[in-house]
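Listed here are the chains, written in short residue letters.
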Amino acid sequence: MKRILTIVLAVCMVMGLLGCSEKEQSLQIIAMDTAMTFTAYGKQAEDVLQDASTEVRRLDKLLSRTNESSLVSQLNAAEGNKVAVGQEVAALLAASAAYTAATGGAFDITVAPVVSAWGFTTDSYHVPAQKELEILLERVGMEKISLTEDTAALAPEMGIDLGAIAKGYASDRIAELFREQEVQRGWAALGGNVLAWGSRPDGKPWVIGIQDPANPNDGTAYAGMIQLESAFAVTSGSYQRFFEENGKIYHHIIDPATGYPADSGLVSVTVVAAAEPGNGTMCDALSTALFVMGEERAVEFWRSGSYEFDMILVTEDGRVVISPGLEDSFTVEGGYVCETVS
Ligand code: ADP
Ligand code: MG
């Protein structure tokens with residue numbers, strides 16, 4: 001429960017009392033190991049929130065690695081055999097492969113066996129032996145997956161973990177439901193994955209607080225605030241899930257190059273993009289990838305223009321680095337020094 005609360009606090013919607021006639025409906029659920037809140041306005045609100053909840057639960061059943069009957073678990077247990085995963089999962093795996101290629105392997109769902117070795121799937125944490133990591137790292141590599149339009153096969157002993165992309169994909173599906181049902185405004189927070197849909201009823205942007213990584217248990221401590229309209233904002237942080245052994249902290253974002261928690265000098269990464277189809281998934285994949293890359297590589301990647309997004313990097317040494325697209329919408333807080341990259 002503490003972990004779930006921490007994740008909820010990771011990114012908080014800061015809601016004003018709006019004094020507006022449009023009726024607000026809200027729904028809270030726990031799915032994908034995370035507390036989620038969905039809010040919508042207007043006459044479709046109640047229906048769309050039910051649909052969003054049903055959809056997220058469907059995806060949880062399909063994609064969870066800890067649910068033995070999920071498709072992902074079936075694939076992980078298939079010992080190298082081909083599995084009929086269906087077009088939706090096959091497309092998500094193909095998207096994952098594209099993000100792995102684009103990020104030079106910083107994002108890689110095949111890091112799963114390493115994540116397990118650290119105990120992050122069972123909550124029985126420990127630091128694996130170097131020898132064990134070396135063996136497990138040989139099983140990591142997106143190129144070892146064979147994909148067709150609706151099947152997938154892993155190499156024997158490989159595994160996949162969609163934890164770094166599933167909530168982003170779910171937020172894309174919620175945006176599609178909002179679009180189909182012509183919802184004008186609302187928002188969804190799936191832990192650190194936020195969708196700001198339209199604007200607030202008073203016409204102003206939604207305001208999202210970026211959790212201060214130095215005060216992860218204080219839901220009112222922010223590294224900054226962003227004003228957003230029709231956008232996704234996804235945060236990955238080392239403070240979200242971690243354990244301590246012999247006085248050292250080990251967190252849940254693994255550098256696939258070393259098998260160790262990414263020691264990149266960053267403590268949190270937020271990726272922001274327009275609320276267009278596929279961008280929720282992109283923001284989730286990239287927030288994890290940029291965290292692994294560290295400031296220098298992340299800035300280079302942003303400059304390359306391969307994807308259209310903005311970013312907020314919080315560094316270990318107390319700086320907040322933003323891309324210029326956020327200059328007018330981001331306000332720094334918590335005593336951080338804000339720098340804009342160019
Ligand atoms: P969260 O799920 O806490 O919001 P992320 O989106 O950054 O955070 O995903 C982290 C999860 O993804 C980990 O718990 C693990 O299951 C998996 N993971 C860890 N490192 C990587 C990586 N380099 N690439 C892809 N998935 C990863
Ligand atoms: Mg992610």
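Residues numbered from 1 in each chain as written. Chains lettered and ligands numbered in written order. Predicted model: local features only at pLDDT ≥ 70, side-chain atom pairs only at ≥ 80, totals over all residues. Heavy atoms only, no water.

Draft legend 1. Summary view of the coordination of the magnesium ion (ligand 2). Around the magnesium ion (ligand 2), the protein supplies Ala164 (O), Asp284 (O), Asp284 (OD) and Thr288 (OG1) as donor atoms, at distances of 2.1 to 2.5 Å. One chain supplies every donor for the magnesium ion (ligand 2), spaced along it as A-x119-D-x3-T. You can see alanine 164 sitting in the loop between strand S6 (151–153) and helix H7 (166–180) and its partner threonine 288 sitting in helix H8 (residues 279–304), a full 124 residues away along the chain. On the basis of relative accessible area, threonine 288 is assigned to the buried category, the value being 13%. (Donors = N, O, S within 2.8 Å, 3.2 Å for Na, K, Ca; no water. Helix = DSSP H or I, 4+ residues; strand = E, 2+ residues; numbered from the N terminus. Buried < 20%, exposed > 50% of the residue type's maximum accessible area, 1.4 Å probe, protein only.)

Draft legend 2. Structural view of the sheet that holds strand S4 (residues 83–84). The strand order S4-S6-S5 describes an open sheet built from three strands, whose pairing is antiparallel. At either end of the open sheet lies a strand with only one pairing partner, and these are S4 and strand S5 (146–147). Pairing geometry for S5 and S6, over two bridges, is antiparallel. If you follow leucine 147 over to S6, its bridge partner there is alanine 152. (Pairing = 2+ DSSP bridges.)

Draft legend 3. Molecular detail of the nonpolar core. In terms of nonpolar packing, the biggest core is built from 75 residues, with Phe38, Leu63, Leu162, Ile174, Leu195, Leu290 and Phe309 touching the most fellow members. Sort the elements by how many residues they give to this core and H8 lands first, with 13 residues. In this structure, phenylalanine 38 is in contact with Gln25, Ser26, Leu27, Ile29, Leu49, Ala52, Ser53, Val56, Ile174, Trp187, Ala188 and Leu190, ignoring residues within four places of it in sequence. One finds Tyr41, Ala189, Ile322 and Leu326 within the second-largest nonpolar core, a separate group that totals 22 residues. (Core = buried A, V, L, I, M, F, W, Y, C linked by side-chain atoms within 4.5 Å. Contact = heavy atoms within 4.5 Å.)

Draft legend 4. Layout of the packing of helix H2 (residues 45–63) against H7. Two elements in contact, H2 and H7, have axes separated by 10 Å at closest approach and are oriented at 150°. Accordingly, the angle class assigned to the pair H2 and H7 is roughly antiparallel. When the axes of H2 and H7 are compared, the crossing they make is right-handed. Across the interface between the two elements, Val48, Asp51, Ala52, Glu55, Val56, Arg58, Leu59 and Leu63 of H2 pack against Ala166, Tyr169, Ala170, Arg173, Ile174, Leu177 and Phe178 of H7. Residues belonging to the contact of H2 with H7 are distributed by class as follows: 11 nonpolar, no polar and four charged. (Axes fitted to C-alpha atoms, helices over the stretch in contact; angles between N-to-C directions. Parallel < 35°, antiparallel > 145°, perpendicular 65-115°, else oblique. Left-handed = near helix turned anticlockwise from the far one by under 90°. Nonpolar A, V, L, I, M, F, W, Y, C, P; charged D, E, K, R; others polar.)

Draft legend 5. Region of interest: the site of ligand 1. Taken together, 18 residues sit near ligand 1, with Asp161, Ser236, His252, Ile254 and Thr288 positioned nearest. Within the side chain of glutamine 240, an N or O atom sits 3.5 Å from an oxygen atom of ligand 1. Taken by itself ligand 1 offers 560 Å² of open surface, and the protein chains cover 94% of this. In terms of residue count, the dominant contributor to the shell around ligand 1 is H8 (three residues). Of the residues in the shell around ligand 1, the class split is nine nonpolar, five polar and four charged. (Near = heavy atom within 4 Å. Polar contact = N/O pair within 3.5 Å; in protein donor to acceptor, adjacent residues only side chain to side chain. Areas by Shrake-Rupley, 256 points an atom, 1.4 Å probe, with all protein chains shown as cover.)

Draft legend 6. How the structure looks around unusual backbone geometry. Positive phi, close to 50°, is recorded for methionine 32, a residue that is not glycine. With respect to the helices, strands and loops of the structure, methionine 32 is situated in the loop between strand S2 (24–31) and strand S3 (34–41). Backbone geometry at glutamate 182 places phi at a positive 55°, although glycine is not the residue there. Position of glutamate 182 relative to the elements: it lies in the loop between H7 and strand S7 (186–190). Look at glutamate 182 and you get exposed, because its relative accessible area is 63%.

Draft legend 7. The environment of glutamate 327, seen in detail. Summarising the element assignment, glutamate 327 is placed in the loop between strand S16 (319–322) and strand S17 (330–332). Exposure remark for glutamate 327: the relative accessible area of 47% places this residue in the partly exposed category. Through-space distance from the C-alpha of glutamate 327 to that of glutamate 339 is 9.6 Å; in sequence the pair is 12 residues apart. Setting aside residues no more than four positions away along its own chain, glutamate 327 makes contact with Ile322 and Thr340. At 3.3 Å, the side chain of glutamate 327 and the side chain of threonine 340 are in polar contact.

Bear in mind that shape data such as this cannot, by itself, settle questions of function.
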